[in-house]
Amino acid sequence: CAKEDEGSSTSSDGSKAITLGFSQVGSESGWRSANTDSVKSAAKEAGYNLKFSDAQQKQENQISAIRSYIAQKVDVIAFSPVVVTGWDAVLKEAKAAKIPVVLTDRSVETSDESLYVTLVGSDFTEEGRRAGKILEKVLAKAGVKGPVKIAQLEGTTGAAPAIERAKGFKEVMDADHKDDWKIVVSQTGDFTRAGGKQVMAAFLTSNPDINVLFAHNDDMAIGAIQSIEAAGKKPGKDILIVSIDGVKDGFVAMSEGKINAIVECNPLLGPQLMDVVKKVKNGETVERWIKTKEGDFMQDQAKAALPSRKY
Ligand code: GZL
């Protein structure tokens, strides 16, 4: 995994520079790249010494990166856990070394709440609910009557956003659409364009009557669009598409009429993370979950929004 050391000896306020060890999931999507840029630029802005590693979506690489940060005696460890389980052992080592841990973006399942101080990230279950609610608007706008046959492209198996977005979307289905919506096929595309393209091609063979795609991120939706077009169908018309993230290429696809709505998931967590890291280093109390602010966008808003998109 790529290791990078960046930073200076004093922070922007002249005190001894904070050394932050950060383990990133990987570089699987446009969202992830924007998230990495935000973390690096915010650390530079704050004058922190940033030790950064890219785990290439492998949990074992994240665990070894965290262990190396412990050995280097960094001030704070932050990471975006690729999946929710399997962290207790290494987080207990960080606790034993008295190094506070901050989660960013994704959460973990743990029996010991003291193993991390806070999560800086979005509410994925709410994002799934928002996707369900905006699909109602998309269907109404498209004048769809009759059965809604949904294909779901899931994120990385075992990852918090995949688990929770599916849960939130299903809540809306169970509450308001028991009789007219059905997820006829659902499979992981691992949050990548290649995954979305490959799985969507298989979906179209097994379920040619799909009329909606719910993709857990824009990159899989963009990959799926290639397979939909290769099958001679019109994305955004023959198959309505709702996606999550709001990366620039997602907005471009929406402005071209190929994605019908996007639920934003803000990757620009860097400044919030650096602020929390400083408070944690100073022993201040911080909220257990620092949620990011984000909106929802229908297709007719895409063109106007594009110039001001920051990622
Ligand atoms: C969500 C983040 C997800 C994005 C994907 O906060 O963990 O991982 O939705 C990314 O694009 O790969």
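Parameters and conventions
- Residues numbered from 1 in each chain as written.
- Predicted model: local features only at pLDDT ≥ 70, side-chain atom pairs only at ≥ 80, totals over all residues.
- Heavy atoms only, no water.
- Near = heavy atom within 4 Å.
- Polar contact = N/O pair within 3.5 Å; in protein donor to acceptor, adjacent residues only side chain to side chain.
- Areas by Shrake-Rupley, 256 points an atom, 1.4 Å probe, with all protein chains shown as cover.
- 1 Å grid on protein atoms, 1.4 Å probe; cavity = no way out; pocket = protein on both sides within 12 Å on 5 of 7 lines; lining within 4 Å.
- Sits in = over half its atoms within 2 Å of the grid points.
- Helix = DSSP H or I, 4+ residues; strand = E, 2+ residues; numbered from the N terminus.
- Nonpolar A, V, L, I, M, F, W, Y, C, P; charged D, E, K, R; others polar.
- Points joined across faces, edges and corners; volume = space filled by probe spheres on them.
- Buried < 20%, exposed > 50% of the residue type's maximum accessible area, 1.4 Å probe, protein only.
- Axes fitted to C-alpha atoms, helices over the stretch in contact; angles between N-to-C directions.
- Parallel < 35°, antiparallel > 145°, perpendicular 65-115°, else oblique.
- Left-handed = near helix turned anticlockwise from the far one by under 90°.
- Contact = heavy atoms within 4.5 Å.
- Pairing = 2+ DSSP bridges.
- pLDDT = per-residue confidence, 0-100.
- Phe/Tyr/Trp six-rings, centres within 6.5 Å; stacked < 30°, edge-to-face > 60°.
- Lys NZ or Arg CZ within 6 Å of the ring centre and 35° of its normal.

Student: So what exactly am I meant to see when it comes to the site of the ligand here?
Tutor: With respect to spatial proximity, 13 residues lie near the ligand, and among them E28, D105, R106, R165 and D245 are the closest. At 2.5 Å from an oxygen atom of the ligand is found a side-chain nitrogen or oxygen belonging to E28. Side-chain polar atom of R32 to an oxygen atom of the ligand: 3.0 Å apart, as the coordinates give it. Relative to its free-state accessible area of 320 Å², the ligand is covered by the protein chains to the extent of 100%. For the ligand, the cavity whose grid points lie within 2 Å of the majority of its atoms is the largest cavity. Secondary structure elements with two or more residues in the shell around the ligand: α1 (30–46) and α5 (160–176). Grouping the amino acids of the shell around the ligand by side-chain chemistry returns five nonpolar, two polar and six charged.

Student: Please explain empty space enclosed by the protein as it appears in this structure.
Tutor: The gaps of empty space that remain are located by a probe, the size of a water molecule, rolled over the atoms. On inspection of all chains with the given rule, the structure shows one cavity of 30 Å³ or more. In this structure, the largest cavity spans a volume of roughly 90 Å³. The wall of the largest cavity is formed by E28, S29, W31, R32, D105, R106, P161, R165, F191, N217, D245 and C265. Counting residues per element, the ones that place at least two in the lining of the largest cavity are α1 and α5. For the lining of the largest cavity, the per-class residue count stands at four nonpolar, two polar and six charged.

Student: In this structure, what is going on with the environment of S122? I would like to understand it.
Tutor: Considering the arrangement of structural elements, one finds S122 in the loop between β6 (118–121) and α4 (124–142). A residue is classified by how much of its surface remains accessible, and S122, at 4% relative accessible area, is buried. Taking the C-alpha atoms as reference, S122 lies 13 Å from R288; in sequence the two are 166 residues apart. Only 2.7 Å separates the side chain of S122 from the side chain of T292, close enough to count as a polar contact.

Student: Honestly, the packing of helix α6 (residues 193–206) against helix α7 (residues 218–230) in this entry has me stumped. Any pointers?
Tutor: Helix-helix packing is described using two parameters, namely the angle between the two axes and the distance between the axes. Two numbers describe how α6 lies on α7: the axes approach to 6 Å, and their chain directions differ by 45°. Judged on the interaxial angle alone, α7 and α6 are oblique. The hand of the α6/α7 crossing is right-handed. Mapping the contact onto sequence places R193, G196, K197, M200, A201 and L204 in α6 and D219, M220, I222, G223, A224, Q226, S227 and I228 in α7. Across the contact of α6 with α7, the residue classes break down as seven nonpolar, four polar and three charged.

Student: Can you walk me through the pairing of strand β9 (residues 212–215) in this structure?
Tutor: In summary, the side chains of a regular strand alternate between the two faces of the sheet. Alternating residues of β9 divide into V212 and F214 and L213 and A215, and every residue in both groups is buried. Pairing geometry for strand β7 (residues 148–154) and β9, over four bridges, is parallel. For I150, the partnering residue across the bridge sits in β9 and is V212. Looking at chain direction, β9 and strand β10 (residues 240–245) are connected through three bridges and run parallel. If you follow V212 over to β10, its bridge partner there is L240.

Student: Would you mind showing me how to read the confidence of the model for the protein chain here?
Tutor: Detailed reading of the predicted coordinates is not advisable wherever pLDDT is low. On average, residues of the protein chain score 96 in pLDDT, and 96% of them reach the 70 mark or higher. The lowest-confidence element of the protein chain is strand β1 (residues 2–6), averaging 67 in pLDDT; the highest-confidence one is β9, averaging 99.

Student: Sorry, what's going on with the packing of aromatic side chains here?
Tutor: The geometry of two aromatic rings is summed up by the distance between their centres and the angle between their planes. Counted under the stated rule, the structure contains five aromatic pairs. Centroid distance F169 to W181: 6.0 Å. Interplanar angle 25°. Geometry classified as stacked. Taken together, the residues F169 in helix α5 and W181 in strand β8 (residues 181–188) connect sequence positions 12 residues apart. An aromatic cluster of three or more residues is present, and its members are F169, W181 and F214. Cation over ring: K40 sits above F52, and NZ or CZ is 4.5 Å from the ring centre. The ring of W289 has K291 lying over it, and the distance from NZ or CZ to the ring centre is 4.3 Å.

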